[in-house]
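Notes for the structure review
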Amino acid sequence: MSPASTGASTVVGAVPSVSASDSRTASAPDSRMAPGGPGYRRMSLALFLAGVATFALLYSTQALLPLISGEFGVAAGEASWTVAAATGGLALFVLPMSALSERFGRRTVMTASLAVAVSVGMLVPFAPSIGALVMLRAVQGAALAGLPASATAYLAEEVRPRALVTAIGLFVAGNSIGGMSGRVITGWVAQEWGWRVAVGVIGAIAVGCAVAFRLLLPAPRHFTAGSLRPRVLAGTVRDHLSDPLLRRLYAIGALFMTVFGGVYTVIGYRLTQEPFGLPQGVVGSIFLVYLVGTVSASTAGRLVGRLGRRGALYLAAGTTATGLLLSLADSLPLVLLGLVLITAGFFAGHAVASSAVSKTATEGRAQAAALYQSAYYVGSSTGSTVGAMAFHAGGWAGAVGVGVLAVLGVVTITVLGSRAARVAVRREPAVAH
């Protein structure tokens, strides 16, 4: 696919370096995993379960914010820090964790991250104050930082390129299932036994996912250990940030997550208030719309094949914006339809952008993915806090306004990238002469 059709940047005169795990001779068969091949199903299930555990733990308090506000006597903005602290911790530590995965291996770091995160998850129900709860959630988010970047780097090294978007889409689908199940389960459990029991149940589920992940994930065959030297890491990060395409993808991921984080942080407050007045269990069940995200993320590969990366991003942004506008209605069916469209658009856009990062980076893939994840979760923290503030100041319309501005940012960045790609293509004949 040409740069013009995808919005990719072209660097004249640059020769992409090829890592040891990617080098192939013309005659040697590709030993990386592919659909139907040995280990592919085990790998897919393992990373799917890792995605479930990650999102279930990361957003375990999001559907419970009204109850947390009530117990500790705090407003929506303060309670939202139980979400923002977790995503902020992940954003802060994802780059150092990716460096550890370059040195010690993807599977090792993912296993250790899950082990620490589920251990902290069993302590969260006993938090004595809102401050202690926020602190535990920050530690939990920092621990989970070893999962996202390491997982995408593992897939880029162990899966054949043509299957990469689909494989990453399945991991993202696991995120959607984790986010959905965590919110649905906590909603109904909290309605009967309170939010503390609810988050404890999520912690127990995450323990099971972590154990199954470690037993199922095939040992890496194409990993080459890198260096932990700060100068090497800084150089790799600098190279990634100097790539215009990667910068655009990072910004797109952050903006999509700003929408998603804002909407799902305050939707519980809106639906428990008038004119809806829904009970906590029913509000938790609203998150069943995450199933739509599972489908849209897992089909992102086919979407890119038909529309190109740029077209897929436009469609994802348009779907998200339509959902935001529909959600303004004081009609529960229209609000639900709006959430369906927001969820479908977000997960499709996230899968397209994150897989593009893994394809674009030929070296330091864990750092490239880590920078994307850092931007992505900065967007989540921003959406959670700004969305809660906007909701407090202007109601649901305020939260939607924040989301619409973020979607406009996605469209603007994609348009600018397309223009840059066309300019680069026009310059190629002149360089050749």
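Residue numbering note: each chain is counted from 1, following its sequence as written. Residue-level local features of this predicted model are given only where pLDDT is at least 70; pairs of side-chain atoms are given and counted only at 80 or more, and the full residue set underlies all totals for whole chains, interfaces and linings. Here the side-chain values reflect all heavy atoms present in the structure, with hydrogen atoms and water set aside.

This part takes up the overall build of the protein. Across its full length, the protein carries 17 helices and zero strands. As defined in this context, the radius of gyration uses C-alpha atoms, and a globule is described by 2.2 Å times the residue total to the power 0.38. For 433 residues, the compact-globule estimate of 2.2 N^0.38 gives 22 Å, and the protein sits close to it at 21 Å. For the protein, the share of sequence-separated contacts (at least 6 apart) that also reach a separation of at least 24 residues comes to 84%. Here, Shrake-Rupley sampling with a 1.4 Å probe gives the accessible areas, and only protein chains in the shown set may cover a residue. Accessible surface, the protein as shown: approximately 16800 Å² in total, 67% of it carbon and sulfur. Of the charged side chains in the protein, 30 are positive and 14 negative, and the gap between their average positions amounts to 9 Å. Secondary structure elements are taken from DSSP: a helix is a run of H or I of four residues or more, a strand is a run of E of two residues or more, and numbering for both begins at the N terminus. Should any heavy atoms of two residues lie within 4.5 Å, those residues are counted as being in contact. Counting rule applied: Lys, Arg positive; Asp, Glu negative; His and chain ends not counted. Where a charge sits is defined by one atom per residue type, namely NZ (Lys), CZ (Arg), CG (Asp) or CD (Glu).

Moving on, we come to the pattern of salt bridges. Opposite charge on two side chains allows them to pair when their charged atoms are near. Within this document, salt bridges are pairs made up of a side-chain nitrogen of Lys or Arg and a carboxyl oxygen of Asp or Glu, the two lying within 4 Å of each other. Inspection of every chain in the model, using the stated rule, returns three salt bridges. A salt bridge links E71 to R196, with the shortest nitrogen-to-oxygen separation between them at 2.7 Å. Taken together, the positions of E71 in helix α3 (residues 65-72) and R196 in helix α10 (residues 195-216) put the pair 125 residues apart, joining distant regions of the chain. The exposure class assigned to E71 is partly exposed, which follows from its relative accessible area of 42%. Three exposure classes are used, based on accessible area relative to the maximum for each residue type with a 1.4 Å probe and protein chains only: buried under 20%, partly exposed in between, and exposed over 50%.

With that out of the way, let us pick up the side chain of T87. Relative to the helices and strands, T87 resides in helix α5 (residues 81-104). Overall, the relative accessible area of 0% leaves T87 in the buried class. Setting aside its immediate chain neighbours within four residues, T87 contacts L58, Y59, Y377, S380 and S381.

Note on aromatic contacts: the rings of Phe and Tyr and the six-membered ring of Trp form a pair at centre separations within 6.5 Å, being stacked when their planes are under 30 degrees apart, edge-to-face when over 60 apart, and tilted otherwise. All told, the structure shown has ten aromatic pairs when counted by the stated rule. Ring geometry for Y376 against Y377: centres 4.7 Å apart, planes inclined by 85 degrees, an arrangement best described as edge-to-face. Chaining the aromatic ring pairs together yields one cluster made of F260, Y264, F346, F347, Y372, Y376 and Y377. Counted as over-ring charges are cases with an Arg CZ or a Lys NZ within 6 Å of the ring centre that also lie within 35 degrees of the ring normal. Taking NZ or CZ as reference, R103 lies 5.6 Å from the ring centre of F104, over its face.

What follows deals with the packing of helix α15 (residues 300-326) against helix α16 (residues 332-360). Only C-alpha atoms enter the line fits that serve as axes; for helices the fit covers just the stretch in contact. Angles between N-to-C directions range over 0 to 180 degrees. Their axes nearest at 7 Å, the elements α15 and α16 cross at an angle of 145 degrees. Read as a crossing pair, α15 and α16 show a hand that is left-handed. Only Asp, Glu, Lys and Arg are considered charged in this grouping, and only Ala, Val, Leu, Ile, Met, Phe, Trp, Tyr, Cys and Pro are considered nonpolar; every other residue, Gly among them, is considered polar. Grouping the constituent residues of the contact of α15 with α16 by class yields 18 nonpolar, seven polar and one charged. Two helices cross in a left-handed way if the nearer one is turned anticlockwise from the farther one by less than a right angle. They cross in a right-handed way if the turn is clockwise.

Further remarks concern helix α9 (residues 164-193). Expected helix span is computed as 1.5 Å times (number of residues minus one). Here α9 is 30 residues long and its end C-alpha atoms lie 42 Å apart, about the 44 Å a rise of 1.5 Å per residue gives. By the criterion of burial, α9 is predominantly enclosed, with 23 of the 30 residues buried.

What follows covers a nonpolar patch on the surface. Without a salt bridge and with relative accessible area above 30%, a residue can belong to a patch; like charges are then joined within 9 Å and nonpolar side chains (Val, Leu, Ile, Met, Phe, Trp, Tyr) within 5 Å. Together, M122, V207, V211 and L215 make up an exposed nonpolar region whose accessible area comes to about 350 Å². With respect to the helices and strands, V207 occurs in helix α10. Exposure remark for V207: the relative accessible area of 33% places this residue in the partly exposed category.

In this section: the packing of helix α2 (residues 40-58) against helix α7 (residues 130-144). It is at 10 Å that the axes of α2 and α7 come closest, and there the two elements cross at 160 degrees. By the angle between their directions, the pair α2 and α7 is classed as roughly antiparallel. Helix-helix and strand crossings are classified by hand; for α2 and α7 the assignment is left-handed. Residues T54, L57 and L58 of α2 touch α7, and the partners they reach there are R137, Q140, G141 and L144. For the contact of α2 with α7, the per-class residue count stands at three nonpolar, three polar and one charged. By definition in this entry, angles of less than 35 degrees are roughly parallel, angles greater than 145 are roughly antiparallel, angles of 65 to 115 are roughly perpendicular, and the rest are oblique.

What follows is about the environment of L336. The topology assignment puts L336 in helix α16. Relative accessible area serves as the criterion here: at 28%, L336 is assigned to the partly exposed category. With 47 residues separating them along the chain, L336 and V289 place their C-alpha atoms 8.1 Å apart.

Looking now at the side chain of T61. Positionally, T61 belongs in the loop between α2 and α3. Under the rule applied, a polar contact is a pair of N or O atoms within 3.5 Å (in protein, one hydrogen donor and one hydrogen acceptor; residues adjacent in sequence only if both atoms are side-chain atoms). Reaching out from T61, the side chain makes a polar contact with the side chain of T82 at a distance of 3.0 Å. Discounting chain neighbours no more than four positions away, the residues touching T61 are I68, T82, V83, R137 and V199.

Let's shift gears to the confidence of the model for the protein. For any part of a model where pLDDT is low, the fine detail of the predicted coordinates should not be relied upon. pLDDT measures the predictor's confidence residue by residue and takes values from 0 up to 100. With 90% of its residues at a pLDDT of 70 or more, the protein has an overall mean of 82. No element of the protein has a lower mean pLDDT than helix α1 (residues 3-6), which averages 34, and none a higher one than α7, which averages 95.

Moving on, we come to unusual backbone geometry. With an omega dihedral of 15 degrees, the bond running from E274 to P275 counts as a cis peptide bond. Relative to the helices and strands, P275 is located in the loop between α12 (244-272) and α13 (280-285).

A few words on the environment of V197. As for its position among the elements, V197 is in helix α10. C-alpha of V197 to C-alpha of A153: the two residues are 44 residues apart in sequence and 35 Å apart in space.

Along its 27 residues, α15 runs just 24 Å from first to last C-alpha, ending more than 12% under the 39 Å computed at 1.5 Å per residue. At G308, α15 shows its largest bend, some 110 degrees. Buried within α15 we find A300, V304, G308, R309, A312, L313, A316, A317, T319, T320, G323 and L324. To get the bend at a given residue, fit one axis to the seven residues ending there, fit another to the seven starting there, and take the angle between those axes.

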